[in-house]
Amino acid sequence: MKIAICGKGGSGKSTVAALLAREYARRNRAVLVVDTDESNLGLHRLLGTGAPPDLMGYFGGKRAVTEKIMAAMPDPSSVDLIGERWSIDKIPQGYVASENGVRLVAIGKIHDAGEGCACPMGMLARQFLDHLDLGDDDVVIADTEAGIEHFGRGVDQGADVILMVVDPSFESLRLAEKVSDMAARIGVPLCCMLNRTDPISAARLRERIPDSVRIVCEISQDPGILAAGLDGRVLDLHHPAITALADLLDGTQKGRA
Ligand SMILES: Nc1ncnc2c1ncn2[C@@H]1O[C@H](COP(=O)(O)OP(=O)(O)OP(=O)(O)O)[C@@H](O)[C@H]1O
Ligand SMILES: [Mg+2]
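In every chain, residue numbers begin from 1 and rise along the written sequence. The order in which chains are written sets their letters, starting at A; the order in which ligands are written sets their numbers, starting at 1. With the structure being a predicted model, the display of local features is reserved for residues of pLDDT at least 70 and the display and counting of side-chain atom pairs for 80 or more, all residues being used for whole-chain, interface and lining totals. For side-chain calculations, the full set of non-hydrogen atoms in the structure is used, while hydrogens and water are omitted.

1. Remarks on the sheet that holds strand β4 (residues 102-106)
- Strand pairing is assigned whenever DSSP detects at least two bridges linking the two strands. In DSSP terms, a helix is any run of H or I states spanning at least four residues, a strand is any run of E spanning at least two, and both are numbered starting from the N terminus. Strand order in the open sheet formed by eight strands is β3-β4-β2-β5-β1-β6-β7-β8, and the pairing between neighbours is mixed. The open sheet has two free edges, formed respectively by β3 (97-99) and β8 (214-220), since each of these has just one partner strand. Adjacent strand axes in the sheet meet at a mean angle of 20°, parallel and antiparallel pairs treated alike.
- Inspection of the sheet shows strand β2 (residues 31-35) paired to β4 by five bridges, in the parallel sense. Bridging from a neighbouring strand, Val-34 pairs with Val-105 of β4. For helices, the fitted axis covers only the stretch in contact; all axes are lines through C-alpha atoms, and the angles between them, taken along N-to-C directions, range from 0 to 180 degrees.

Here is the structure:
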């Protein structure tokens, strides 16, 4: 199962990715987290792994990939960066960090001012997810960057389900409408979870989220999560909402099989 996690900046995407990864690892599933966010650097800390080198490096680095893409203009979609299909075990080991049954791959980070746009990362993220062959029990969790750029890049098209994290903000509500439209257009099931709520904000979100968006669980503002996020510590909390979410996502997948 491939799960793409999306949402507004700071809504809790990486937090949820880490909690869900630990939950599936506890169930002895093969778990791969794919960090497709080219800006933020802290996901590995929430997972308790080291920081893996950019997978972009395996393909010659960002400059080489950019040159390949430019050479293929005006049809960049003709570029096949990966060439072969990979299982989780076949991913080049030097580019995988792991701990406690969770593996992490980072597509590529922006390292320098003026280094150019992040399009090569978007293309590699999409192709990497598309080229991954999974066993029935394997779980891939793609943590995306804030907003909807990843939809434009086609990263979500390779997912079996999109999980949107909604925090109590007007921007999250607007984004929920947009994401609902986009997910419907690419034919990928969408569900959403509320995060960082209190009872009042949760009730208001439930009133205002479009009916087309299925709300599957909720995590309230949680001091333990906040403290781990602030200190850059591993998130190994056992949260009942995440247990329910993992069950539900499994069910979604079985329903589609
Ligand atoms: N339920 C929660 N309770 C308390 N704090 C939370 C909760 N969920 C997330 N946070 C905190 O909110 C902040 C943002 O979370 P996180 O980094 O997971 O968001 P994000 O959506 O991945 O952000 P970005 O868009 O920058 O990638 C972090 O400090 C995190 O610890
Ligand atoms: Mg994040």
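2. Considerations on unusual backbone geometry
- Met-73 connects to Pro-74 through a cis peptide bond whose omega is 10°.
- Topologically, Pro-74 is positioned in the loop between α3 (62-71) and β3.
- If you check the backbone angles, Arg-196 has positive phi at about 60° while not being a glycine.
- Residue position: Arg-196 is located in strand β7 (residues 190-197).
- A simple rule labels every residue: compare its accessible area, found with a 1.4 Å probe on the protein chains alone, to the largest value its type can have, and call it buried under 20%, exposed over 50%, or partly exposed in between. Taking relative accessible area as the criterion, Arg-196 reaches 37% and is therefore assigned partly exposed.

3. Let's talk about α3
- Here α3 has its buried residues at Lys-62, Val-65 and Ile-69. On an axial view of α3, the arc spanned by its buried residues comes to 70°, and they lie on one face. Among the exposed residues of α3, those pointing more than 90 degrees away from its buried face are Arg-63, Glu-67, Met-70 and Ala-71.
- Any pair of residues with heavy atoms lying within 4.5 Å of one another is described as a contacting pair. Buried residues along α3 sit in contact with α4 (119-130). Directions pointing from the helix axis toward each C-beta atom define the arc.

4. Thoughts on the side chain of Lys-62
- Within the secondary structure, Lys-62 sits in helix α3.
- In protein, a polar contact means a hydrogen-donor-capable atom and an acceptor-capable atom, both N or O and within 3.5 Å, with residues adjacent in sequence counting only if both atoms are side-chain atoms; elsewhere, any N or O pair within 3.5 Å suffices. Separated by 2.7 Å, the side chains of Lys-62 and Glu-115 make a polar contact.
- Among the polar contacts listed, one links the side chain of Lys-62 to the backbone oxygen of Gly-116, at a separation of 3.2 Å.
- If we ignore the near neighbours within four places in the chain, the residues touching Lys-62 are Met-56, Glu-115, Gly-116, Cys-117, Pro-120 and Met-121.

5. So, empty space enclosed by the protein
- Both cavities and pockets are sets of points on a 1 Å grid over the protein atoms alone; in a cavity a 1.4 Å probe fits but cannot get out, in a pocket the set is open with protein on both sides within 12 Å along at least five of seven lines, and lining residues sit with an atom within 4 Å of a point. Grid points are joined across faces, edges and corners, and a volume is the space filled by probe spheres set on the points. If you walk through the whole model with that rule in mind, you get one cavity of 30 Å³ or more.
- Approximately 30 Å³ is the volume attributed to the largest cavity.
- As for the largest cavity, its lining consists of Lys-2, Ile-3, Ala-4, Leu-129, Ala-142, Gly-158 and Ala-159.
- Throughout, the ten residues Ala, Val, Leu, Ile, Met, Phe, Trp, Tyr, Cys and Pro are labelled nonpolar, Asp, Glu, Lys and Arg are labelled charged, and all others, Gly among them, are labelled polar. For the lining of the largest cavity, the class distribution of residues is five nonpolar, one polar and one charged.

6. What about the site of ligand 1?
- Inspection of the region around ligand 1 gives 20 residues, with Lys-13, Thr-15, Asn-195, Arg-196 and Asp-222 positioned closest.
- Gly-10 is positioned with one of its backbone polar atoms (N or O) 3.0 Å from an oxygen atom of ligand 1.
- At 2.8 Å from a nitrogen atom of ligand 1 is found a side-chain nitrogen or oxygen belonging to Asn-195.
- To be clear on the numbers: accessible area is Shrake-Rupley with a 1.4 Å probe, and residue cover counts the displayed protein chains and nothing else. In isolation ligand 1 exposes 630 Å². Once the protein is present, 83% of that is buried.
- For the shell around ligand 1, the elements supplying multiple residues, two or more each, are α1 (13-26), β7, β8 and α8 (223-231).
- Looking at the shell around ligand 1 residue by residue, the class counts come to four nonpolar, eleven polar and five charged. Near is defined per residue: the residue qualifies when any heavy atom it owns lies within 4 Å of the molecule or strand.

7. Focus on the pairing of β2
- In terms of burial, β2 is a largely internal element, five of the five residues being buried.
- Sheet topology places β2 next to strand β5 (residues 139-143); five bridges connect them, and they run parallel. Following the sheet pairing, Asp-35 is matched in β5 by Asp-143.

8. Quick look at the layout of surface pockets
- Reported here for the largest pocket is a volume of approximately 590 Å³.
- Lining the largest pocket are 29 residues, with Gly-10, Gly-12, Ser-14, Thr-15 and Leu-46 positioned closest to its centre.
- When contributions to the lining of the largest pocket are tallied by element, the ones reaching two or more residues are α1, α2 (43-47), β7, β8 and α8.
- Top contributing element to the lining of the largest pocket by residue count: α8, with four residues.
- Looking at the lining of the largest pocket residue by residue, the classes come out as seven nonpolar, 14 polar and eight charged.
- For the second largest pocket, the lining is made up of 15 residues, of which Gly-61, Lys-62, Arg-63, Thr-66 and Glu-115 are closest to its centre.
- Among the secondary structure elements, those contributing two or more residues to the lining of the second largest pocket are α3 and α4.
- The element that contributes the greatest number of residues to the lining of the second largest pocket is α3, accounting for three residues.
- Here the residues of the lining of the second largest pocket are counted per class, giving four nonpolar, six polar and five charged.

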